[in-house]
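Working through the structure, step by step
What follows is each chain in one-letter form.
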Amino acid sequence: QVQLVESGGTLVQPGDSLTLACEAPKGTASTYVIAWFRQAPGREREGVSSVCLGGTAYYRDYVKGRFFASRDNARNTVFLQMTSLKPGDTAVYYCAAGPACGVLNTDEYYDWGQGTQVTVSS
């Protein structure tokens with residue numbers, strides 16, 4: 001079990017960039033696959049990106065080319081760099097720990113952070 005904390009969410013305008021961070025306890029980030037999810041009001045939680053132990057990331061089609069996930073194991077932190085943000089990206093963003101990368105099914109992840117709000121609006 002690992003405790004995760006998301007940060008970086010804020011109000012931005014369409015077209016802006018924003019980077020989110022997911023912090024894990026020291027020495028734990030390198031042992032877990034971390035994924036990013038998001039949930040908009042009235043919608044089910046959906047996958048965004050999964051980050052493998054070696055740093056390789058996989059993305060859902062709706063964020064490919066705009067979002068970039070990476071990890072810094074020395075700092076026990078996983079990042080989500082978001083560019084060309086759209087109003088449709090507005091959601092609470094969560095990070096979660098799971099057993100494998102390349103999978104973005106919420107049911108397969110077991111340790112979740114509290115979430116951080118990202119609002120894209122003019």
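Structure report, in brief. (Residues numbered from 1 in each chain as written. Predicted model: local features only at pLDDT ≥ 70, side-chain atom pairs only at ≥ 80, totals over all residues. Heavy atoms only, no water.)

**Notes on the sheet that holds strand 3 (residues 18-23)**
Reading across the sheet, the four strands line up as 1-3-8-7 and stay open at both edges, with antiparallel pairing between neighbours. At either margin of the open sheet sits one strand with a lone partner, and together these are strand 1 (5-7) and strand 7 (67-72). Mean inter-strand twist for the sheet, computed between neighbouring axes without regard to direction, equals 15°. (Pairing = 2+ DSSP bridges. Helix = DSSP H or I, 4+ residues; strand = E, 2+ residues; numbered from the N terminus. Axes fitted to C-alpha atoms, helices over the stretch in contact; angles between N-to-C directions.)

**Re the environment of Trp 36**
For Trp 36, the position within the fold is in strand 4 (residues 33-39). We classify Trp 36 as buried; its relative accessible area is 0%. When the C-alpha positions of Trp 36 and Tyr 59 are compared, they lie 9.4 Å apart, and in sequence the two are 23 residues distant. (Buried < 20%, exposed > 50% of the residue type's maximum accessible area, 1.4 Å probe, protein only.)

**As for the state of the cysteines**
Considering all chains together, one arrives at two disulfides under this definition. Linked covalently through their sulfurs, Cys 22 and Cys 95 form a disulfide whose S-S length is 2.1 Å. Its S-S torsion of about 75° marks the bond between Cys 22 and Cys 95 as right-handed, since a negative value means left-handed. Here Cys 22, found in strand 3, pairs with Cys 95, found in strand 9 (residues 91-98); they are 73 residues apart in sequence, far enough to count as distant. The burial state of Cys 22 is the same as that of Cys 95; both residues are buried. Shown here is the disulfide that connects Cys 52 with Cys 101, its sulfur atoms set 2.1 Å apart. Residues Cys 52 and Cys 101 are joined through a disulfide that is right-handed, its torsion about the S-S bond being 95°. Of this pair, Cys 52 sits in the loop between strand 5 (46-51) and strand 6 (57-59) while Cys 101 sits in the loop between strand 9 and strand 10 (111-112), and the two are 49 residues apart along the sequence. (Disulfide = S-S within 2.5 Å.)

**Here's the deal with the environment of Gly 102**
Inspection of the secondary structure puts Gly 102 in the loop between strand 9 and strand 10. Through-space distance from the C-alpha of Gly 102 to that of Phe 37 is 13 Å; in sequence the pair is 65 residues apart. The residues touching Gly 102, leaving out its near neighbours within four places in the chain, are Ser 50 and Tyr 58. (Contact = heavy atoms within 4.5 Å.)

**Things to note about the packing of aromatic side chains**
As enumerated under the stated definition, the model contains three aromatic pairs in all. An angle of 75° between the planes, with centres 5.2 Å apart, marks the rings of Phe 37 and Tyr 109 as edge-to-face. Note that Phe 37 is positioned in strand 4 and Tyr 109 in the loop between strand 9 and strand 10, a separation of 72 residues in sequence. Using a relative accessible area of 6% as the deciding quantity, one classes Tyr 109 as buried. Note on Phe 37 and Trp 112: the rings are 4.8 Å apart at their centroids and 50° apart in plane angle, and the pair reads as tilted. (Phe/Tyr/Trp six-rings, centres within 6.5 Å; stacked < 30°, edge-to-face > 60°.)

Nothing here speaks to function; it is all geometry.
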